[in-house]
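# Chains, contacts and geometry: an overview
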Amino acid sequence: MEVRNNYINGRWQASVSGATREVINPSNGEVIALVTDSVAEDSKQAIAAARHAFDHDGSWRRMAGPKRADMLLRIADAIAARADELAVMDTLDNGKPLREARCDVDDAVACFRYYAGLITKPQGGVYEVSDGFGPMHAYSMHEPVGVCALITPWNYPLLMATWKLAPALAAGNCVVFKPSEVTPLSAVALFEIFDAVGLPAGTANLVLGSGPAAGQELAASHDVDMITFTGSTRTGQTIAAAAVGNLKKVGLELGGKSPNIIFADADLEGAVEWAMIGVFFNQGEVCSAGSRILIEASIKDRFVARLAERANAMTIAPGMKDADMGAIVSAAQLEKVLGHIERAKQQGATLVCGGERYVEGDCANGYFVRPTIFDNCTRDMDIVREEVFGPVVAIQTFTTEAEAIAMANDTPYGLAGGVFTSDGARALRVVKEVRAGVTWINCYNPTFNEAPWGGYKMSGYGRDLGVNGLLEYQQVKQVSINLQPGLVGWYPQRG
Ligand code: TXE
């Protein structure tokens, strides 16, 4: 089997470790590819290449914005031209249904196009300043941060790569990218595209390997100016701690246990459908998953019965068969999800449906879980407090708006939240009180390249996407100009 390698300084190369790692198709447990398995030394080489490209070569950061934009547009076109292949790659690698992988590819294309457009729009400001030093004029300009390390998880392999690479490159940074070791294949394809469109050597570097062996160096290195990470809260804490050495800029998009609040006056059928998307889309492996449904007590029984009916009707199959739900990403994640289910049962939650591995037909050797609903959950249960990252939802009831808000915020996380009601004022009141970075009214999970995405509290800091997503990868420089160079003004107290 051919081994996929790192891409460092414009060249494909194997890790100095000489080791390889198997990439597994979670739908059947079979090996689909081999990738080089990097260590810290590979990351050091990639960082050095990016450092040289940024500091000495400088061709990417000095390239006129419209020309960089043109490169990004060519990348978008090349992704679109390989769309079918990339969708199949992510489906085989991650386990998700093919049509969901197709949407990811479309979103990735749109994301590169969005940041190509954004980088050509006005940035910075012009300021009226005091004349204490003589007649002065000040303006601000946006510059790249420098060398950025980007680390992503396995739930949206191509899309998470794009959310970080597109704005980082648009801003003129040089980057080292490490995808999840579980789903590295579409990242390799993306770097083939970077190579083909002719990004200057060292501008974008790819390191394939595990977090502790290859990723940790990216967080710790004093030659890296910024690290952005999407993944678990625990790894985010490790990265933030390692990053402290040179006070590099840090962006973290971490876990969640997001509330989906449903009032009795909501359109019940619509709320059920959105709740399904909220927690079962992408096998529930979504950081914003609405994994806590908070429902007004008076409609709880009707809602849960309908939700269970819909969950039980979901089709489950290998991603290429394009059912409603595919496989969990790995054997380890399957064990984690099943462990959460067992604990919820032991802690007294009522299992309404699912609650087990799915092994029927051609799913026998894959890592599938039935969509699972737990009712009568209480605040002390792990299923209410901990991120599962699988198709498992916990139901709790409330009777007043104040109680719903208090329950929604009763979590260390703050990534997302939803509210369903036909009372517009109430929707706005509740959303205002929910301490989370992404909120939805009468829908759940729609995500847009144009709008900022990120968390409060232990769901991290910094934002992906939108204008904020570009600002993350920029420094702001103040420039003050003396309009009369011969004139030296003094503040009275200096005299
Ligand atoms: O995540 P990690 P894992 C949650 C989810 C899941 C759990 C564990 O609950 O069950 O995390 O998944 C890299 N220095 N989320 O273990 O460890 C790693 O190689 C530098 C939520 O896969 O966070 C990978 O590229 N990098 C989530 C990335 O971090 C390190 C998405 C994510 O891995 C590192 C995925 C280190 N010391 C899982 N250790 C979300 N919120 O989107 C690991 N990595």
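Residues numbered from 1 in each chain as written. Predicted model: local features only at pLDDT ≥ 70, side-chain atom pairs only at ≥ 80, totals over all residues. Heavy atoms only, no water.

Moving on, we get to the site of the ligand. Around the ligand, 27 residues are found, and the nearest of them are Thr152, Trp154, Glu181, Ser232 and Lys336. Take glycine 211: an N or O atom from its main chain is 3.1 Å from an oxygen atom of the ligand. The protein chains hide 86% of the 810 Å² of surface that the ligand would expose on its own. The site holding the ligand turns out to be the largest pocket. Of all elements in the fold, only helix H8 (211–220), strand S11 (226–230), helix H9 (233–242) and helix H12 (331–346) reach the threshold of two or more residues within the shell around the ligand. Grouping the constituent residues of the shell around the ligand by class yields nine nonpolar, 14 polar and four charged. (Near = heavy atom within 4 Å. Polar contact = N/O pair within 3.5 Å; in protein donor to acceptor, adjacent residues only side chain to side chain. Areas by Shrake-Rupley, 256 points an atom, 1.4 Å probe, with all protein chains shown as cover. 1 Å grid on protein atoms, 1.4 Å probe; cavity = no way out; pocket = protein on both sides within 12 Å on 5 of 7 lines; lining within 4 Å. Sits in = over half its atoms within 2 Å of the grid points. Helix = DSSP H or I, 4+ residues; strand = E, 2+ residues; numbered from the N terminus. Nonpolar A, V, L, I, M, F, W, Y, C, P; charged D, E, K, R; others polar.)

Okay, the packing of aromatic side chains next. Scanning the model with the defined rule gives eleven aromatic pairs in all. On the numbers, 4.9 Å between centres and 80° between planes, the contact of tyrosine 114 with tyrosine 115 is edge-to-face. Feature note: the residues Tyr7, Trp12, Phe112, Phe177, Phe191 and Phe194 constitute an aromatic cluster, connected by ring pairs. One Lys or Arg, arginine 426, reaches over the ring of phenylalanine 263 and ends 4.0 Å from the middle of that ring. (Phe/Tyr/Trp six-rings, centres within 6.5 Å; stacked < 30°, edge-to-face > 60°. Lys NZ or Arg CZ within 6 Å of the ring centre and 35° of its normal.)

Okay, the sheet that holds strand S1 (residues 3–4) next. Across the sheet, which stays open at both edges, the three strands sit in the order S1-S5-S4 with mixed pairing between neighbours. On the outer flanks of this sheet lie S1 and strand S4 (20–25), each paired with one strand and no other. Across the sheet, helix H4 (residues 83–94) is in contact with S4 and strand S5 (30–36); its angle to S4 comes to roughly 95°. Here helix H7 (residues 185–197) sits on the sheet and contacts S1, S4 and S5; the angle it forms with S5, its principal contact strand, is near 50°. (Pairing = 2+ DSSP bridges. Contact = heavy atoms within 4.5 Å. Axes fitted to C-alpha atoms, helices over the stretch in contact; angles between N-to-C directions.)

What follows concerns the side chain of lysine 96. If you trace the backbone, lysine 96 turns up in the loop between H4 and helix H5 (98–118). Beyond its immediate chain neighbours, meaning those up to four positions away, lysine 96 contacts Asp90, Thr91, Ala101, Asp104, Asn155, Tyr156, Asn282, Gln283 and Gly319.

It is worth spelling out the side chain of threonine 228 at this point. Structurally, threonine 228 can be placed in strand S11. A polar contact is formed between the side chain of threonine 228 and the side chain of tyrosine 473, at a distance of 3.0 Å. Apart from the residues within four sequence positions on either side, threonine 228 is in contact with Ala149, Leu150, Ile151, Lys164, Gly251 and Tyr473.

This brings us to empty space enclosed by the protein. Taken as a whole and judged by the stated rule, the model has four cavities of 30 Å³ or more. In this structure, the largest cavity spans a volume of roughly 80 Å³. If you go around the largest cavity, you meet 14 residues; those closest to its centre are Lys164, Gly251, Gly462, Arg463 and Asp464. Looking at the lining of the largest cavity, the element that brings in the most residues is strand S12 (residues 249–253), giving three residues. Here the residues of the lining of the largest cavity are counted per class, giving five nonpolar, four polar and five charged. Quantified by volume, the second largest cavity comes out at close to 70 Å³. Forming the boundary of the second largest cavity are Gly256, Lys257, Gly284, Val286, Cys287, Ala289, Ser291, Glu387, Val388, Phe389, Gly390 and Val392. (Points joined across faces, edges and corners; volume = space filled by probe spheres on them.)

Among the residues of H9, Thr233, Gly236, Ile239 and Ala242 are the ones counted as buried. Among the structural elements, strand S8 (147–151), H8, S11, S12 and strand S20 (413–414) are those in contact with the buried residues of H9. (Buried < 20%, exposed > 50% of the residue type's maximum accessible area, 1.4 Å probe, protein only.)

Interpretation note: all reported values are geometric properties and have no functional meaning in isolation.
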